[in-house]
Amino acid sequence: MTTSTPPTPPTPPTPSTPSTPQAIPDLLPHEAARWALRAGLPLDADRLELVTATANHIQSVIGVLRDLDLGEAGDDAAV
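Here is a short report on the structure shown in this document.

Take the overall build of the protein next. Scanning the protein for helices and strands turns up two helices and zero strands. Surface accessibility of the protein: about 7600 Å² in total, with carbon and sulfur atoms responsible for 61%.

Encoded structure:
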């Protein structure tokens with residue numbers, strides 16, 4: 001007679017430390033042109049590089065702002 005062992009219960013998840021969010025890859029010029037056209041703003045070829053660089057810079061600033069730890073600061077904290 002063989003005895004079987006009961007199955008091992010799953011390990012509960014452990015609290016994880018906040019990890020660094022994955023960096024969003026830079027926008028490429030053809031992607032910027034496509035997004036602009038989708039928004040109804042066709043881009044001239046001579047402005048494409050500047051618009052792409054500006055969009056990538058804005059995205060990097062937003063990433064830095066998202067990384068800030070503001071704790072429990074609410075709207076009243078700014079007063």
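The structure having been displayed, the exposition proceeds.
Further remarks concern a nonpolar patch on the surface. Residues V61, L65, L68 and L70 make up a contiguous nonpolar surface patch of roughly 390 Å² in combined accessible area. Its place among the elements puts L68 in the segment after α2 (45-67).

What follows is about the packing of helix α1 (residues 29-38) against α2. The N-to-C vectors of α1 and α2 enclose an angle of 95 degrees; their axes lie 9 Å apart at closest approach. When the axis of α1 is compared with that of α2, the two are roughly perpendicular. Contact with α1, carried on its side by P29, A32 and A33, involves L48, E49 and T52 of α2 and no other residues of that element. For the contact of α1 with α2, the residue count by class is four nonpolar, one polar and one charged.

What follows concerns the environment of A33. With respect to the helices and strands, A33 occurs in helix α1. On a C-alpha basis, the gap between A33 and A45 in space is 8.8 Å, while along the polypeptide they are twelve residues apart. Residues in contact with A33, not counting those within four places in the same chain, are L43 and L48.

Moving on to α2. Taking 1.5 Å per residue, 23 residues should reach 33 Å; α2 reaches 34 Å between its end C-alpha atoms and fits that length. Among all positions in α2, only L48, T52 and N56 are buried. Packed against the buried residues of α2 are α1.

Cut-offs applied
- Residues numbered from 1 in each chain as written.
- Predicted model: local features only at pLDDT ≥ 70, side-chain atom pairs only at ≥ 80, totals over all residues.
- Heavy atoms only, no water.
- Helix = DSSP H or I, 4+ residues; strand = E, 2+ residues; numbered from the N terminus.
- Areas by Shrake-Rupley, 256 points an atom, 1.4 Å probe, with all protein chains shown as cover.
- Patch = residues over 30% accessible without salt bridge, like charges linked within 9 Å, V, L, I, M, F, W, Y side chains within 5 Å.
- Salt bridge = Lys/Arg side-chain N within 4 Å of Asp/Glu carboxyl O.
- Axes fitted to C-alpha atoms, helices over the stretch in contact; angles between N-to-C directions.
- Parallel < 35°, antiparallel > 145°, perpendicular 65-115°, else oblique.
- Contact = heavy atoms within 4.5 Å.
- Nonpolar A, V, L, I, M, F, W, Y, C, P; charged D, E, K, R; others polar.
- Expected span 1.5 Å × (residues − 1).
- Buried < 20%, exposed > 50% of the residue type's maximum accessible area, 1.4 Å probe, protein only.

Note that every value here comes from positions in space, so none of it alone points to a role or purpose.
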